[in-house]
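# Geometric and topological summary
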Amino acid sequence: MMISKFARPLAWLLLAFIIFVTVSPIGLRPETVTTVDTDRAGAYVILGLTFALAYPKQWKTVAALLVVGAVAIEYLQYFAPTRHARLHDAGIKAMGAALGLLAGWVINRWRDTKAATALPLTER
């Protein structure tokens, strides 16, 4: 429960940052040492993981919204003159979100199993 309270604002802040970086002029894009595809995938893996931890009971809804959202956010680049939307980029983002969500789902299942085994035998 404590992880959800911390993860919710973090997830929304990460989403806002990703939207800003995606639609802002290319000159405002952060410089990194990895490839652009690695940056995209990594950002969405972290985003998917954070949302999965923030909303463990709604993981299916979160999964659908993040995968569709990855495509929608990429589409927003059509409105930025220095950016260009590409289906390849949207696919990398959607796959990253899916991997992050899967990792979060595994962590949530592990936490649920651990919590269930911590109960006394009379309460199981």
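Our subject is the structure that appears above.
Residues numbered from 1 in each chain as written. Predicted model: local features only at pLDDT ≥ 70, side-chain atom pairs only at ≥ 80, totals over all residues. Heavy atoms only, no water.

## Side note on the overall build of the protein
From N to C terminus, the protein includes four helices and zero strands. Overall, the C-alpha framework of the protein stretches about 65 × 25 × 20 Å when taken along its three principal axes. The buried share of the protein, taken over its 124 residues, is 33%. Taking as baseline every contact in the protein between residues at least 6 positions apart, the subset at least 24 positions apart corresponds to 74%. Charged side chains in the protein number 13 positive and 7 negative. The centres of these two groups are separated by 9 Å. (Helix = DSSP H or I, 4+ residues; strand = E, 2+ residues; numbered from the N terminus. Buried < 20%, exposed > 50% of the residue type's maximum accessible area, 1.4 Å probe, protein only. Contact = heavy atoms within 4.5 Å. Lys, Arg positive; Asp, Glu negative; His and termini not counted. Charge placed at Lys NZ, Arg CZ, Asp CG, Glu CD.)

## A look at the environment of Ile19
Within the secondary structure, Ile19 sits in helix H1 (residues 2-23). Note on Ile19: relative accessible area 31%, which makes it partly exposed.

## Considering helix H3 (residues 59-75)
With 17 residues, H3 extends 24 Å from end C-alpha to end C-alpha; this agrees with the ideal 24 Å at 1.5 Å per step. Of all the positions in H3, only Val62, Ala63, Leu66, Gly69, Ala70, Ile73 and Glu74 are classed as buried. (Expected span 1.5 Å × (residues − 1).)

## A short note on the environment of Pro9
By secondary structure assignment, the location of Pro9 is in helix H1. Taking the relative accessible area as the measure of exposure, Pro9 reaches 44% and is therefore partly exposed.

## Topic: the side chain of Asn108
Its place among the elements puts Asn108 in helix H4 (residues 87-118). On the basis of relative accessibility, which here comes to 8%, the residue Asn108 falls in the buried class. Among the polar contacts made by the side chain of Asn108, one reaches the side chain of Arg111 at a distance of 3.1 Å. Beyond its immediate stretch of four places on either side in the chain, Asn108 contacts Ala52, Leu53 and Pro56. (Polar contact = N/O pair within 3.5 Å; in protein donor to acceptor, adjacent residues only side chain to side chain.)

As far as function goes, none of this settles anything; it's purely spatial.
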